[in-house]
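# Architecture at a glance
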Amino acid sequence: MMNEIITNTNITIEPVEQSRIHEVDFNNLVFGRKFSDHMFEMEFQGDKWGAPVIKPYAPFKMTPATNVLHYGQAVFEGMKAYYVDENTIHIFRPKAHYERFNNSCRRMCIPETEYEIFIEALETLIKLDHQWIPKRSGTALYIRPFIFASDDLLAARSSDTFTYQIITSPVGAYYSEGFNPVSLTTTDEYVRAVKGGTGEAKAAGNYAGSFLPAKKAKAEGYTQVLWLDAKEHKYIEEVGTMNIHFLIGDTLVTPALTGSILPGVTRRSVIALAKEWGLNVEERRITIDEVFEAHEKGELKEVFGSGTAAVVSPVGLIHHKGKNIELDREKPGEFAQKCFDKITDIQYGRAEDKFGWVHKVSI
Ligand SMILES: Cc1ncc(COP(=O)(O)O)c(C=O)c1O
């Protein structure tokens, strides 16, 4: 490959000969469709991670017997980088994402990785592909680190070899046409995760298992499933790719991380802001019946999801066993809106970053 460059942590860079950026319509970005010119790669073999490399984004070969295709040993992360000005990009909470990535690795029997390599890989990718970062408000560069089992062997045991890659993708504004409240339904037929299982890891199989229930919920006219706990089917856990929050009176109630919920980075940010603003904050188990009762008493002020994709996502309707809670479907509640504004202001460098959430990259 031409023009090899070595960085501080010995990431070898093999730059593309020709950029593909002209293929991208930055006015019509479809989530996860187009990928930037370069990707990061590192292989685990013989009990250690090998040499990190950044090279042109390209398909790669794997044999039909590759472990991940059969046994699903794979983890991933989802995070974003934001355009601030022509010299500055902000990566949002990379340390928190990195820590969750390693927690996921531990649970899925995948070797952990180092923060120095993670952050340098992100910085280098952003610098190399900075033209790919969309500039309009609401847009971002989505970052997808992932690791999969690459043994070429049909054996239902942990792989000895792994491939670690990071790819990036320009994404449009989630709310280009204004907030769009979601409708949720519970299900007593399926569960997402159980304590002791893999629900608190960002493991590929968790998502595969949720596709059928999500498809059924959609066919019934709901946006997504509101997951209840697997044991008693009464405690609220989370939604497809979001954590959930309830504003009851002047208390923000968020389901506690009991071992089957993915610990969202946005969830942590929402809770930190609520505390900063002096709200009562409770992380505890909350039953679906309590939410219905709060609604009947007129105390349920807001329900919203939180996640990297949308930041906050107002919930307009909750269906459970033939009964509905209907909330304002036209616009988010005041608190959800305030969280959205503050988090996005920090991400785009419009507000002071008191919590040290952004990692600044100078380009
Ligand atoms: C199952 C699940 N829950 C919650 C979240 C929200 O997490 P975060 O705020 O870190 O994006 C996600 C998205 O990553 C998810 O996939």
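- Within an unreviewed UniProt entry, the label attached to the protein reads branched-chain-amino-acid transaminase, and the organism entered is Gracilimonas halophila.
- Turning to the protein, the UniProt record has this under Sequence similarities (unreviewed entry): "Belongs to the class-IV pyridoxal-phosphate-dependent aminotransferase family."

### Some thoughts on unusual backbone geometry
- If you check the backbone angles, Arg93 has positive phi at about 50 degrees while not being a glycine.
- Inspection of the secondary structure puts Arg93 in the loop between strand 8 (88–92) and helix 2 (94–107).
- Relative accessible area serves as the criterion here: at 12%, Arg93 is assigned to the buried category.
- Positioned with a positive phi, Lys321 is a non-glycine residue whose angle comes to about 45 degrees.

### Quick notes on the domain arrangement of the protein
- Annotation of the protein at the domain level lists domain 1 (5–171) and domain 2 (182–345).
- Counting residues at the interface gives 15 residues for domain 1, matched by 17 residues for domain 2.
- Of the roughly 1,400 Å² buried between domain 1 and domain 2, counting both surfaces, carbon and sulfur atoms make up 60%.
- Counting across the domain 1 and domain 2 interface gives zero salt bridges.
- In this structure, the connection of domain 1 to domain 2 is made through nine residue pairs in polar contact (both at pLDDT 80 or more).
- Of all the elements in the fold, those that place two or more residues in the side of domain 1 that touches domain 2 are strand 6 (74–76), strand 7 (79–85) and helix 2.
- At five residues, helix 2 tops the list of elements feeding residues into the side of domain 1 that touches domain 2.
- For the side of domain 1 that touches domain 2, the per-class residue count stands at seven nonpolar, three polar and five charged.

### Describing the side chain of Asp229
- Structurally, Asp229 can be placed in the loop between strand 12 (224–228) and strand 13 (236–239).
- Buried within the structure, Asp229 lacks any salt-bridge partner; Arg285 is the closest side chain of opposite charge, at an N-O distance of 4.4 Å.
- At 2.6 Å, the side chain of Asp229 forms a polar contact with the backbone nitrogen of Glu232.
- When near neighbours in sequence (up to four residues on either side) are disregarded, Asp229 contacts Lys234, Tyr235, Glu237 and Arg285.

### Description of a nonpolar patch on the surface
- Where nonpolar side chains cluster on the molecular surface, the patch consists of Phe60, Met62 and Leu69 and spans about 280 Å² of accessible area.
- Take Phe60: it is sitting in the loop between strand 5 (53–56) and helix 1 (67–71).
- Looking at Phe60, the relative accessible area reads 42%, which means it is partly exposed.

### Comments concerning the pairing of strand 18 (residues 311–320)
- Where burial is concerned, most of strand 18 is hidden: ten out of the ten residues are buried.
- Examined bridge by bridge, strand 11 (residues 182–185) and strand 18 share four bridges and lie parallel to one another. Across the sheet, residue Thr185 finds its bridge partner in strand 18, namely His319.
- Bridge count between strand 17 (residues 300–307) and strand 18: four bridges; the pairing is antiparallel. Bridge pairing links Gly307 to Val311 in strand 18.
- In the sheet, strand 18 pairs with strand 19 (residues 323–326) via four bridges, with the strands oriented antiparallel.

Parameters and conventions
- Residues numbered from 1 in each chain as written.
- Predicted model: local features only at pLDDT ≥ 70, side-chain atom pairs only at ≥ 80, totals over all residues.
- Heavy atoms only, no water.
- UniProt positions renumbered as here; feature names shortened; annotations may be inferred.
- Helix = DSSP H or I, 4+ residues; strand = E, 2+ residues; numbered from the N terminus.
- Buried < 20%, exposed > 50% of the residue type's maximum accessible area, 1.4 Å probe, protein only.
- Domains from an automatic or database assignment.
- Contact = heavy atoms within 4.5 Å.
- Buried area = accessible area lost by both parts, 1.4 Å probe.
- Salt bridge = Lys/Arg side-chain N within 4 Å of Asp/Glu carboxyl O.
- Polar contact = N/O pair within 3.5 Å; in protein donor to acceptor, adjacent residues only side chain to side chain.
- Nonpolar A, V, L, I, M, F, W, Y, C, P; charged D, E, K, R; others polar.
- Lys, Arg positive; Asp, Glu negative; His and termini not counted.
- Patch = residues over 30% accessible without salt bridge, like charges linked within 9 Å, V, L, I, M, F, W, Y side chains within 5 Å.
- Areas by Shrake-Rupley, 256 points an atom, 1.4 Å probe, with all protein chains shown as cover.
- Pairing = 2+ DSSP bridges.

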